Amino acid sequence: MRRKTRNTLLAQVLLLVALPLLFKGIMYLWVKLFLDDIVEQAPGQMDIRYQGIETEFKGAASVTGLQLIPRDFDAPIGIERVRVETDDPWIFIRPGHWGGQQMDIPSRLRIDVLSIRVPLQKAVIEGIRQRRAALLAQGAKWPDPCDSLGFDAEQLKAMGFDTVTLDLGIDYRFDTTGERLDVALDFDFHDIESISLGLSLQGIVPEDLHTGRLAGVRLVQADTRIFLEPAFGKRLAQHCAARRKLAVGDYQKQLIATFRDNLRRSGVTLGQELQQALERYFGQWGEMRLYIKPGQPLAPLQLLGIKPDQLVRTLGISLFINDRPVNDLDVSVDLKNSRFRTVAGPRGRSRIVQ
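An account of the accompanying structure is given in this report. (Residues numbered from 1 in each chain as written. Predicted model: local features only at pLDDT ≥ 70, side-chain atom pairs only at ≥ 80, totals over all residues. Heavy atoms only, no water.)

### A word on the overall build of the protein chain
Short version of the rule: Put simply, DSSP H or I for four residues or longer makes a helix, DSSP E for two residues or longer makes a strand, and each gets a number counted from the N terminus. Only protein chains enter the accessibility calculation, which uses a 1.4 Å probe. A residue is then buried if its area is under 20% of the maximum for its type, exposed if over 50%, and partly exposed in between. Throughout, a contact is declared for two residues whenever any of their heavy atoms are within 4.5 Å.
Assigned secondary structure in the protein chain consists of nine helices and 15 strands. For the protein chain, with 354 residues in total, the buried portion stands at 36%. Look at the contacts in the protein chain between residues 6 or more apart in sequence, and 58% of them connect residues 24 or more apart.

Put into structure tokens, the structure is as follows:
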């Protein structure tokens, strides 16, 4: 082989090796410039620090060891990792994406924010108290978390929590050929509660989000999952019972009665099987899962036009509590001084009672 040919082949090999490394380096540079710009603009509101930046050939970038110190905070909010993955790696190096210009929407994007550690310090609790005082001064109501077995930072602090750790995930994927969008949202409060939301839409492509042409969008299916850690549920029930000077069993009865009264004031009355399933849940905790899968994709205007007696059947609603199906979704709705009852049995039967 002649020397010139060998040199040409060697140059081609070096180029093939160098190009991915160069691309990875440019990704790193643009992510760093973007972060440094945020850090420079943050003083006065928040101090931002990070340990490192990682980039991947397949189109992903991560920022590790983030620390956010808002004004008036004594300790930082820590984030182990923020990772962005896309099927369009050029999103990381097109300057317009970081300059406030309109961005091209990639067909697939996933963002994970892992191990967000929020210290429940004085500034957090004081912020909640100030918002509550402002609402009460306006005549508005501030709900008691113990009325719904909910929780906020003040409630968690009273239960002995010093820090809350959570993960967030956002994932969407466009199928441009089939004109379909699948979206998933995940929230995980470690050792407390996790929430997952899934949504599938048809008749939509990325360009529609820029142009606002959304009239053809139709709902294909939706899936909601809420999981309350049983150990945390019991701990919270014990805390609320002690706060109200009640036995835990008496507090749970009070909680169920409050839940039923709140629904009734909203014009909603649950059927016997659904009511019993929810009452069991208030003692066991665990998972509630709601599926919506209509027989055919539904447009937004069709959703608004569904009659109460057709709601369960048209939307294809299924409810599972700790993996046990609730077959009889009997719900009464007080609508315009009339009482309609929607009933869906195992075969999807429905009837209306006025």
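Moving on from the model shown.
### Examining the side chain of S194
To keep things clear, this is the line we draw: Polar contacts, as counted here, are pairs of nitrogen or oxygen atoms within 3.5 Å of one another; within protein the pair requires one atom able to donate a hydrogen and one able to accept it, and residues that are adjacent in sequence qualify only if both atoms are side-chain atoms.
Note on placement: S194 falls in strand β8 (residues 193–202). Looking at S194, its side chain comes within polar contact range of the side chain of R225, at 3.2 Å.

### Considerations on the state of the cysteines
The line we're drawing: Disulfides are defined as pairs of cysteine sulfur atoms found within 2.5 Å of each other.
Overall, the coordinates contain one disulfide when judged by the stated rule. In this model C146 forms its disulfide with C240; the gap between the sulfur atoms is 2.1 Å. With the S-S dihedral at roughly -80 degrees, the linkage between C146 and C240 falls on the left-handed side. In this pair, C146 sits in the loop between α2 (122–137) and α3 (153–158) while C240 sits in helix α5 (residues 230–243), placing the two residues 94 residues apart along the sequence. Across the pair, C240 and C146 agree in class, each one buried.

### Structural notes on the pattern of salt bridges
Two side chains with opposite charge may pair up if their charged atoms get near one another. Applied cut-off: A pair is scored as a salt bridge if a Lys or Arg side-chain nitrogen falls within 4 Å of a carboxyl oxygen belonging to Asp or Glu.
By the definition in use, this model includes 18 salt bridges. With its nearest N and O atoms 2.6 Å apart, the salt bridge here joins R244 to D147. Of this pair, R244 sits in the loop between α5 and α6 (248–265) while D147 sits in the loop between α2 and α3, and the two are 97 residues apart along the sequence. Accessibility expressed as a relative area gives 30% for D147, which makes it partly exposed. Between D182 and R180 there is a salt bridge, and its shortest N-O distance comes to 3.2 Å. The class for D182 is partly exposed, based on a relative accessible area of 29%.

### Digging into the packing of aromatic side chains
Selection rule: The aromatic pairing rule takes the rings of Phe, Tyr and Trp, using the six-membered ring of Trp, and pairs them if the centres are within 6.5 Å, calling planes under 30 degrees apart stacked, those over 60 edge-to-face and the rest tilted.
For the coordinates displayed, the defined rule picks out eight aromatic pairs. Ring geometry for F282 against W285: centres 6.0 Å apart, planes inclined by 85 degrees, an arrangement best described as edge-to-face. Owing to a relative accessible area of 11%, F282 belongs among the buried residues under this scheme. Among the residues examined, W285 registers a relative accessible area of 2% and is labelled buried.

### A few points about the environment of L66
Within the secondary structure, L66 sits in strand β3 (residues 60–70). Taking the C-alpha atoms as reference, L66 lies 8.5 Å from G52; in sequence the two are 14 residues apart. The contact partners of L66, leaving out residues within four places of it in the chain, are I48, R49, Y50, I77, G78, I79 and V82.

### Details of the environment of D188
Within the secondary structure, D188 sits in strand β7 (residues 180–189). Owing to a relative accessible area of 32%, D188 belongs among the partly exposed residues under this scheme. Put simply, D188 and G169 are 19 residues apart on the chain and 8.8 Å apart in space, counted from C-alpha to C-alpha. Apart from residues lying up to four places away in sequence, D188 is in contact with T165, L166, D167, E193 and S194.

### Looking at the packing of α6 against helix α7 (residues 272–284)
Each pair of packed helices can be summarised by the angle the axes make with each other and by the distance between the axes. Put simply, the rule is: Lines fitted to the C-alpha atoms define the axes, with helices restricted to the stretch that makes contact. Angles between their N-to-C directions range from 0 to 180 degrees. Geometric relationships in this document are graded by angle, where less than 35 degrees denotes roughly parallel, more than 145 denotes roughly antiparallel, 65 to 115 denotes roughly perpendicular, and other angles denote oblique. Crossings are assigned a handedness: left-handed for a near helix turned anticlockwise from the far helix by less than a right angle, right-handed for a clockwise turn. Note that Gly is not counted as nonpolar here; it falls among the polar residues with everything else outside the nonpolar set of Ala, Val, Leu, Ile, Met, Phe, Trp, Tyr, Cys and Pro and the charged set of Asp, Glu, Lys and Arg.
Remark: α6 packs on α7, axes separated minimally by 10 Å, with the N-to-C direction vectors making an angle of 140 degrees. One way to sum up the angle between α6 and α7 is to call them oblique. Of the two possible hands of crossing, α6 and α7 adopt the one that is right-handed. Of the residues in α7, those touching α6 at Q252, L255, I256, F259 and R260 are Q275, L278, E279, F282 and G283. Here the contact of α6 with α7 is built from residues that sort into five nonpolar, three polar and two charged.

### Looking at the pairing of strand β2 (residues 52–56)
The side chains of a regular strand alternate between the sheet's two faces. Under the convention used in this document: Any two strands with at least two DSSP bridges between them are considered paired.
As judged from the five bridges shared by β2 and β3, these two strands associate in the antiparallel manner. Opposite T55, over in β3, you have A61 as the bridge partner. Where β2 hands over to β3, the hairpin turn is made up of three residues, of which G59 adopts a positive phi near 105 degrees.

### Topic: the side chain of Q275
Tracing the sequence through the fold places Q275 in helix α7. Leave out the neighbours within four places in its chain, and Q275 touches I256, R260 and L270.

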